[in-house]
Amino acid sequence: MSKTKKKNKKSRIASPEELAAAKQGLRERASRFNGKLALLMLGIFAVLSLLYYLLLSMHIFWATPVLYTLAATLFLVFFFVNRGFSREPVSREILPDTWSEQKKDAFIEEDVRRKALGRKIMVIMTPVLLLVLCDMVMLFFLPVLTAGTT
């Protein structure tokens with residue numbers, strides 16, 4: 001039997017320039033954080049959660065299908081309005097050469113408007129999807145985790 005030798009991976013220490021570039025990149029990302037938007041989305045999530053679980057505590061069980069339908073509808077609306085999941089507007093080079101410059105300009109302008117509307121839809125869609133995720137965790141995973149402790 002032959003034994004294969006494992007190659008030892010040498011750990012590589014980053015240079016001071018690489019560390020400085022990484023720190024600068026982290027600072028830039030942190031400076032782009034939109035705190036007001038995060039608080040708005042957190043507020044929407046809190047209000048939706050409170051309303052949803054209040055309805056469930058009052059035994060109004062149609063709240064769950066309404067929430068899940070709302071989440072699916074918002075997701076589909078976002079997908080079609082935004083034309084997929086891309087964040088950046090379409091570039092002129094991607095558009096067909098057979099189109100006139102006016103048609104290309106109109107398409108790009110419409111795409112920019114769609115992306116802006118998609119961002120507004122995303123502000124509402126994200127807390128709804130987070131609430132659906134929390135509901136699914138409470139329905140499917142917590143009973144499994146607590147079943148072993150009783």
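The following refers to the structure shown. Just so you know, these numbers come straight off a predicted model, no measurement behind them. (Residues numbered from 1 in each chain as written. Predicted model: local features only at pLDDT ≥ 70, side-chain atom pairs only at ≥ 80, totals over all residues. Heavy atoms only, no water.)

### Thoughts on a nonpolar patch on the surface
Phase 1: On the surface, Leu130, Leu133, Met136, Val137, Met138, Leu139, Phe140, Phe141, Leu142 and Leu145 cluster together to form a nonpolar patch covering roughly 940 Å² of accessible area.
Phase 2: Mapping Val137 onto the fold places it in helix H4 (residues 101–147).
Phase 3: The class of Val137 is partly exposed, set by a relative accessible area of 32%. (Patch = residues over 30% accessible without salt bridge, like charges linked within 9 Å, V, L, I, M, F, W, Y side chains within 5 Å. Areas by Shrake-Rupley, 256 points an atom, 1.4 Å probe, with all protein chains shown as cover. Salt bridge = Lys/Arg side-chain N within 4 Å of Asp/Glu carboxyl O. Helix = DSSP H or I, 4+ residues; strand = E, 2+ residues; numbered from the N terminus. Buried < 20%, exposed > 50% of the residue type's maximum accessible area, 1.4 Å probe, protein only.)

### Section: the layout of surface pockets
Phase 1: Within this model, the largest pocket holds a volume of roughly 470 Å³.
Phase 2: Forming the walls of the largest pocket are 14 residues, and the residues nearest its centre are Leu37, Arg87, Lys115, Arg119 and Met122.
Phase 3: Of all the secondary-structure elements, those providing two or more residues to the lining of the largest pocket are helix H2 (35–57) and H4.
Phase 4: In terms of residue count, the dominant contributor to the lining of the largest pocket is H4 (five residues).
Phase 5: Approximately 160 Å³ is the volume attributed to the second largest pocket.
Phase 6: Those elements that provide at least two residues to the lining of the second largest pocket are H2 and helix H3 (63–81).
Phase 7: The residue makeup of the lining of the second largest pocket, split by class, is ten nonpolar, no polar and no charged. (1 Å grid on protein atoms, 1.4 Å probe; cavity = no way out; pocket = protein on both sides within 12 Å on 5 of 7 lines; lining within 4 Å. Points joined across faces, edges and corners; volume = space filled by probe spheres on them. Nonpolar A, V, L, I, M, F, W, Y, C, P; charged D, E, K, R; others polar.)

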